[in-house]
Amino acid sequence: MSADRNLPDVAFRRAILLIAKSAFAAAPHLQMQRLADLVTAFQPGTVVRFAFTEQGTPSLREALSALLDENLDGIVIVPLVLPMEPSFHIWLTKSLKRWKSSEERQWPALSIARDIASSALMMPLIRNLLETQEEIDVSLGRASIAEGSLVPPQKRRVLVCAGGACNSAGADVIWNHLRNQQERRKLRVTGDGTMTAKSTCLGPCNLAPVLQVFPEGTYYGGVNEEAVDRIITRHLLDGHVVEDFAYYPTGRKQRLRAPPKQN
């Protein structure tokens, strides 16, 4: 008998990562946790986690980072997303490559499940959901003054470009990170107050991804998550422009510098 036969079998350790788009309250997080618990029940011994690709915690990057410490052989990403945009796989692949390039830890093999709409169980699921229907009360109530009818008090605005070049360069990830940090750091009510919004093309596509901070109108180009954190701390909260990424509005055209190198 060879020496190898005396060695114990090493089990393949994998994780299943359920991903959804956004969660703004506790209920969606509880729903995702319930789904993770259901998957764990029929996949005993498998690490099951969930994450959000847009606003919500944990973000996809945070969840992946935590899984890198689990000594896994593989991670299966299961997108619970409807509808599935054709660009989703492109965006996901680019983001994963960028995150991996900034990591010193060893990454396990990654794979992704097909979208929900392609499942043969979709029609039985819809039939089951139809059995849960409840009537909606749309009777008119007493009119009230909505909060949205008031001009918001926040002084600062951050626009994140959602144009084609910026989206290809990872603007969605930047937007998601900014929105999560806005919630974590209470930016709406901290300092001068900050509101955030997506924008159509902001102009300097060669600097993608691009964001712009008002009232100064400062452009920031070639940013990643770490740059966003610096802009929040220095500019939004302390009022100092982060020179590494900044272009000041001058009323004239400006030549673009080479974007700063990102880790």
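Placed above this text is the structure.
Residues numbered from 1 in each chain as written. Predicted model: local features only at pLDDT ≥ 70, side-chain atom pairs only at ≥ 80, totals over all residues. Heavy atoms only, no water.

Now for the overall build of the protein chain. Within the protein chain, the secondary structure is distributed over seven helices and nine strands. Dimensions along the principal axes, computed over C-alpha positions, put the protein chain at roughly 80 × 60 × 30 Å. The buried share of the protein chain, reckoned over its 263 residues, is 36%. When contacts within the protein chain are restricted to residue pairs at least 6 apart in sequence, those whose partners lie at least 24 apart make up 67%. For the protein chain, the accessible area works out to roughly 16700 Å², and carbon and sulfur atoms hold 55% of it. Computed over 31 positive and 27 negative side-chain charges, the separation of the two mean positions in the protein chain equals 7 Å. (Helix = DSSP H or I, 4+ residues; strand = E, 2+ residues; numbered from the N terminus. Buried < 20%, exposed > 50% of the residue type's maximum accessible area, 1.4 Å probe, protein only. Contact = heavy atoms within 4.5 Å. Areas by Shrake-Rupley, 256 points an atom, 1.4 Å probe, with all protein chains shown as cover. Lys, Arg positive; Asp, Glu negative; His and termini not counted. Charge placed at Lys NZ, Arg CZ, Asp CG, Glu CD.)

Okay, the sheet that holds strand S4 (residues 109–112) next. The sheet built from four strands is open, its strands ordered S2-S1-S3-S4 with parallel pairing. Looking at strand neighbours, the two that pair on one side only are strand S2 (47–52) and S4, the edges of this open sheet. Averaged over all neighbouring strand pairs, the angle between strand axes comes to 25°, with direction disregarded. In terms of strand pairing, strand S3 (residues 74–79) meets S4 through four bridges, oriented parallel. Among the inter-strand pairings, Ile77 is bridged to a residue of S4, identified as Ile112. Along the sheet face, helix H3 (residues 88–101) touches strand S1 (14–20), S3 and S4 and points at about 165° away from the line of S4. (Pairing = 2+ DSSP bridges. Axes fitted to C-alpha atoms, helices over the stretch in contact; angles between N-to-C directions.)

Over its 14 residues, helix H6 (residues 171–184) runs 20 Å from end to end, which matches the ideal 20 Å to within 8%, given 1.5 Å per residue. Most of H6 is tucked away, with 11 of its 14 residues classed as buried. Along H6, the residues that are buried comprise Ala171, Val173, Ile174, Trp175, Asn176, His177, Leu178, Arg179, Asn180, Gln181 and Gln182. The elements touched by buried residues of H6 are H3, strand S5 (156–161), helix H5 (164–168), strand S6 (194–199), strand S7 (210–214) and helix H7 (225–236). One or two positions beyond H6, positive phi appears at Lys186, with a value near 50°. (Expected span 1.5 Å × (residues − 1).)

Bringing the pattern of salt bridges into the picture now. Within this structure, the stated rule accounts for 12 salt bridges. Measuring nitrogen to oxygen at the nearest pair gives 2.8 Å for the salt bridge that ties Glu103 to Arg105. Among the ionic pairs, Lys198 bridges to Asp172, the shortest N-O distance being 3.8 Å. Of this pair, Lys198 sits in strand S6 while Asp172 sits in helix H6, and the two are 26 residues apart along the sequence. With a relative accessible area of 44%, Lys198 lands in the partly exposed category. By relative accessible area, Asp172 is classed as partly exposed at 28%. In the salt-bridge network here, residues are joined through shared partners; they are Arg61, Arg98, Glu225 and Glu226. (Salt bridge = Lys/Arg side-chain N within 4 Å of Asp/Glu carboxyl O.)

So, about the nonpolar core. Across soluble globular proteins, nonpolar side chains have a tendency to be buried as a group. Among the nonpolar cores identified, the biggest contains 21 residues, and Leu17, Leu60 and Ile75 are the most heavily contacted of them. Mapped onto this core, the elements with two or more residues apiece are S1, S2, helix H2 (60–67), S3 and H3. Looking at which element gives the most residues to this core, the answer is H3, with five residues. For Leu60, the residues in contact, after removing those within four places along its chain, are Leu17, Ile19, Ala51, Phe52, Thr53, Trp91, Leu92 and Trp99. Judged by nonpolar contacts, the second largest core, of 19 residues, contains Leu178, Val213, Val223 and Ala246. (Core = buried A, V, L, I, M, F, W, Y, C linked by side-chain atoms within 4.5 Å.)

Time to look at H3. The terminal C-alpha atoms of H3 lie 20 Å apart, and with 14 residues this matches the ideal 20 Å at 1.5 Å per residue to within 8%. Those residues of H3 not exposed but buried are Phe88, Trp91, Leu92, Ser95, Leu96 and Trp99. Down the axis of H3, the smallest arc covering the buried residues is 125°, so these residues share one side. For H3, exposure combined with an orientation more than 90 degrees from the buried face picks out Ile90, Lys97 and Ser101. Where H3 is buried, its residues contact S1, H2, S3, S4, H6 and H7. (Arc of directions from axis to C-beta.)

Along the chain, the position of Asn180 falls in helix H6. On the basis of relative accessibility, which here comes to 5%, the residue Asn180 falls in the buried class. Excluding residues that lie within four positions of it along the chain, Asn180 makes contacts with Glu54, Gln55, Gly56, Thr57 and Ser59.

By themselves, these are just geometric observations and shouldn't be taken as functional.
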